[in-house]
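Okay, here's what each chain looks like letter by letter:
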Amino acid sequence: MGSVLSSSNNSIVPTTIPSTPLTLSFHPVFSPKTHSLLMITPSVKQAKPRVSDFQTTIDHLDKRLSPMASRLKQFETILIMKDVTTGLEELEDLYPSYKSLFEFSRMTKKDETILPINSLKGFHPILNATTGVRALKTPMSWDNEIDQLIHRSSLDHKPIISLVCGSKNLGKSSLSRHLVNRLLNNYKRVAFIETDVGQTEFTPSGMVSLHILSSPILGPPFTHQNTTPVRSFFIGSSSAQKDPAYYLECIEELMATWKFECNNSHTNMDDDDNDDDNDDDNSGIIPLVFNTHGWIKGLGYDLLLSITKKVQPTDVFAFYSRQNSNAHNLPPTFANSVSMICCDTDQSPSSSPVMRHVQGTTMNGTLSDRYDASNLRALAMISYFHQTPSSTLSPGQPGWDFETRLVERVPWTLDWRHLKGVWILFEEVTTRQLLYSLNGSVVGLIGDVVDYKPVESQRSVDLATQEQSLVSPAYFDSLNYPPPPPSKTTCHGLGIIRAIDPSKHALLLLTPLPLDTLKLVSGIVKGDLELPIQCMLDEKMGSGPGICGVPWNMTPYVTTEAREGAGGDSLRVRRNLMRRGQL
């Protein structure tokens, strides 16, 4: 894994790395085998003129490059890479299931000892055709439509709201990343709303969130899990099917938050008289990229139309597939439906959105085929819980610690008497079974919001009078109470309830969130998200006599015994079978 210098004429498909004059910065680049590999190629697009002094830049970067300055001047583009240690590379050493994510075996490399380019640790360029390897090449329709969008936005100077929709496995997430990176060449910041709870971009699955981005996305989701979203909500499942009404309420609140951020951005730009870029009409605009789920049949299609009505996009990127079009394409009436619902609204009079039809991509026969959606969800959650606030990269970039396993870490202690409530979604759990249900589970950590900003809970508790007796948590069951109201709450992140101490009213919590964020937590929500088994084991990965010195017969939640008999395995629903009437 390396980093790249901000360059004016260099692009890494599917992104063009943005740069500003007199700015020297490195962007972390991750290209694992779970996804199609990134490709470095010159860009043919016109770049903005730069007015930086070449010699000063070289001296500032590294004095060792100064003697090479005269030789480097003959090149139009210089790609400077350096090795960085993030800790993420240790994931493949600790978890055998994800072995060699970032490198190829000796059998697949050719003449690697001959080429000096292979001497950089973490950088494994593929210069020859290799079986099972495929670079991510964006279809021409993607760039054509994005070019038109950017050109139109440069004329009207209004916020772009781009909604990306289509069936699963066609490239919605790839297009969303590509669109964000292209927009960053023209805007200082780009907003991104993720509503595909099964394949989220910046958070573990089961969440919808809003992020404001100022640097390009150069890697798959598990390499940039964000612990500080602008606003997020805990849906609690990898599908919106279980509570579509709450799902839509959360999306509506995310849109309101984005509009609030846009208004604040314009106000701040008007007050900032020292900004050299104030002459740029786009300096205070935050365009929005809105990624949707890949569920386009039945209820999923109805949800998509409801989302479109709430979002009121200016542009709709609709995917189509030339292979098996009946199963992967949106209905032929989709464009007309979008036009009708966007014109029939009381929010603001607006023209019909521009429909941009883009071709889907398929990556069959590659190394990424071995990683399905469940593997990628597990990777994202493993990455999230192993994050650390410190990093050798630029500020804001996460680091990872896989040397200390989760079962070996010291948890935070959260007194549930300070919480306003505990919610359990999708299940009917009695108060007597509440603590059993929470123990060992993945939960959302929610807090209060006032004027779209997180605030600390103001609940007052008389601990002195409650010290002598056991006080149950304030419990809101799913049968009689709705989920936490989106207009008054936000989800700060996820946590693992490792243990519970009823005598101290304590929940022992593992989370990558810092202490300042934990102080804002006022509630806990449990859904049906499962913790990957790798997070429950020590460094011996189950091959020892137990876990952390505890023998198997005393270890909770996990066992080495085979499940036998009726009911020993969880039921699996087969959705690939069709009824006779559906043929």
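You'll find the protein chain entered in an unreviewed UniProt entry as Polynucleotide 5'-hydroxyl-kinase GRC3, with Phycomyces blakesleeanus given as the organism. Per UniProt, the protein chain carries the Subcellular location (unreviewed entry) text "Nucleus, Nucleolus". As stated in UniProt under Sequence similarities (unreviewed entry), the record for the protein chain gives "Belongs to the Clp1 family. NOL9/GRC3 subfamily."

Helix and strand counts for the protein chain stand at 13 helices and 25 strands. Looking at the 583 residues of the protein chain, the share that counts as buried comes to 47%. Accessible surface, the protein chain as shown: approximately 30100 Å² in total, 51% of it carbon and sulfur.

This next bit is on the pairing of strand β12 (residues 315-320). The element β12 is largely enclosed, with a buried count of 5 among its 6 residues. With 4 bridges joining them, strand β7 (residues 161-165) and β12 adopt parallel strand pairing. What sits directly across from Ser162, in β12, is Asp315. Relative to strand β13 (residues 354-359), β12 runs parallel, the two sharing 6 bridges. Bridged to Phe317 within β13 is Arg356.

This part takes up the environment of His328. Of note, His328 is situated in helix α8 (residues 325-328). In contact with His328, not counting residues within four places along its chain, are Ser167, Lys168, Leu170, Ile296, Ser321 and Gln323.

Turning our eyes to something else, we now look at unusual backbone geometry. In this model, Asn169 sits at a positive phi of 65 degrees, which is unusual for a non-glycine residue. The residue Asn169 is located in the loop between β7 and α5 (172-183) in this model. For Asn169, a relative accessible area of 65% corresponds to the exposed category. Despite not being glycine, Gln312 has its phi angle at roughly 55 degrees, a positive value. As for its placement among the helices and strands, Gln312 is situated in the loop between α7 (299-311) and β12.

Let's shift gears to the packing of helix α4 (residues 140-156) against α5. Between α4 and α5, the shortest axis-to-axis distance is 11 Å and the interhelical angle comes to 40 degrees. Viewed along their axes, α4 and α5 adopt a mutual orientation that is oblique. In the crossing of α4 with α5, the sense of the turn from one axis to the other is right-handed. Residues Trp142, Asp143, Ile146, Asp147, Leu149 and Ile150 of α4 form the contact with α5, whose participating residues are Ser174, Leu175, His178, Leu179, Arg182 and Leu183. Split into classes, the residues belonging to the contact of α4 with α5 amount to 7 nonpolar, 2 polar and 3 charged.

Moving on to the packing of aromatic side chains. Under the defined criterion, the tally for this structure stands at 7 aromatic pairs. The interplanar angle of 85 degrees and the centroid separation of 5.1 Å between the aromatic rings of Phe476 and Tyr481 together place this pair among those described as edge-to-face. You can call Tyr481 partly exposed: its relative accessible area is 41%. An aromatic cluster of three or more residues is present, and its members are Trp423, Phe476 and Tyr481. It is Lys242 that lies over the ring of Phe426; its NZ or CZ is 5.2 Å from the centre.

This part takes up the sheet that holds β13. One key point about sheets: their strands pair by backbone hydrogen bonds, in either a parallel or an antiparallel sense. Read from one edge of the open sheet, 7 strands run β10-β9-β8-β11-β7-β12-β13, paired in mixed fashion. The two strands at the open ends of the sheet, each matched to only one other strand, are β10 (231-234) and β13. Along the sheet, successive strands turn relative to each other by an average axial angle of 15 degrees, direction set aside. Judged from the 5 bridges that link them, strand β8 (residues 190-194) and strand β9 (residues 207-213) form a sheet pairing that is antiparallel. By the bridge assignment for β9, Ile193 is matched with Leu210. In the packing of α7 onto the sheet, contacts are made with β7 and β11 (288-291), and the angle to β7 comes to roughly 175 degrees.

A separate point is the pairing of β7. Of all 5 residues in β7, 5 are buried; the element is thus mostly enclosed. The side-chain alternation of β7 yields two buried faces, one formed by Ile161, Leu163 and Cys165 and the other by Ser162 and Val164. Bridging between β7 and β11 involves 4 bridges; their strand directions are parallel. By the bridge assignment, Ser162 is partnered in β11 with Val289.

A separate point is the nonpolar core. For soluble globular proteins, the rule of thumb is that nonpolar side chains tend to be buried together. Leu91 and Tyr98 are the most contacted members of the largest nonpolar core, which has 52 residues in total. In contact with Leu91, other than residues within four places in its own chain, are Tyr98, Leu101, Leu379, Ile382 and Phe402. One finds Val197, Val208, Leu303 and Ala318 within the second-largest nonpolar core, a separate group that totals 37 residues.

By secondary structure assignment, the location of Ser176 is in helix α5. Apart from the residues within four sequence positions on either side, Ser176 is in contact with Val164, Phe192, Val289 and Asn291.

On to the side chain of Ser337. Position of Ser337 relative to the elements: it lies in helix α9 (residues 334-343). There is a polar contact of 3.0 Å between the side chain of Ser337 and the backbone oxygen of Thr333. Excluding anything up to four places from it in sequence, Ser337 contacts Tyr301 and Leu305.

Across the protein chain, the average pLDDT comes to 79, with 75% of residues at 70 or higher. Confidence drops under pLDDT 50 across residues 18-23; counting only partners more than four residues distant or on other chains, this segment forms 14 contacts. Confidence over residues 48-53 falls short of pLDDT 50; this stretch has 9 contacts with residues more than four positions distant or in other chains.

With that out of the way, let us pick up the packing of α7 against α9. Interaxial distance between α7 and α9 falls to 9 Å at its minimum, and their mutual angle equals 40 degrees. When the axes of α7 and α9 are compared, the pair comes out oblique. Classified by chirality, the crossing of α9 by α7 is right-handed. Each of Tyr301, Leu304, Leu305, Thr308 and Lys309 in α7 lies in contact with α9, whose residues at this interface are Phe334, Ser337, Val338, Ile341 and Cys342.

Quick notes on the rules
- Residues numbered from 1 in each chain as written.
- Predicted model: local features only at pLDDT ≥ 70, side-chain atom pairs only at ≥ 80, totals over all residues.
- Heavy atoms only, no water.
- UniProt positions renumbered as here; feature names shortened; annotations may be inferred.
- Helix = DSSP H or I, 4+ residues; strand = E, 2+ residues; numbered from the N terminus.
- Buried < 20%, exposed > 50% of the residue type's maximum accessible area, 1.4 Å probe, protein only.
- Areas by Shrake-Rupley, 256 points an atom, 1.4 Å probe, with all protein chains shown as cover.
- Pairing = 2+ DSSP bridges.
- Contact = heavy atoms within 4.5 Å.
- Axes fitted to C-alpha atoms, helices over the stretch in contact; angles between N-to-C directions.
- Parallel < 35°, antiparallel > 145°, perpendicular 65-115°, else oblique.
- Left-handed = near helix turned anticlockwise from the far one by under 90°.
- Nonpolar A, V, L, I, M, F, W, Y, C, P; charged D, E, K, R; others polar.
- Phe/Tyr/Trp six-rings, centres within 6.5 Å; stacked < 30°, edge-to-face > 60°.
- Lys NZ or Arg CZ within 6 Å of the ring centre and 35° of its normal.
- Core = buried A, V, L, I, M, F, W, Y, C linked by side-chain atoms within 4.5 Å.
- Polar contact = N/O pair within 3.5 Å; in protein donor to acceptor, adjacent residues only side chain to side chain.
- pLDDT = per-residue confidence, 0-100.

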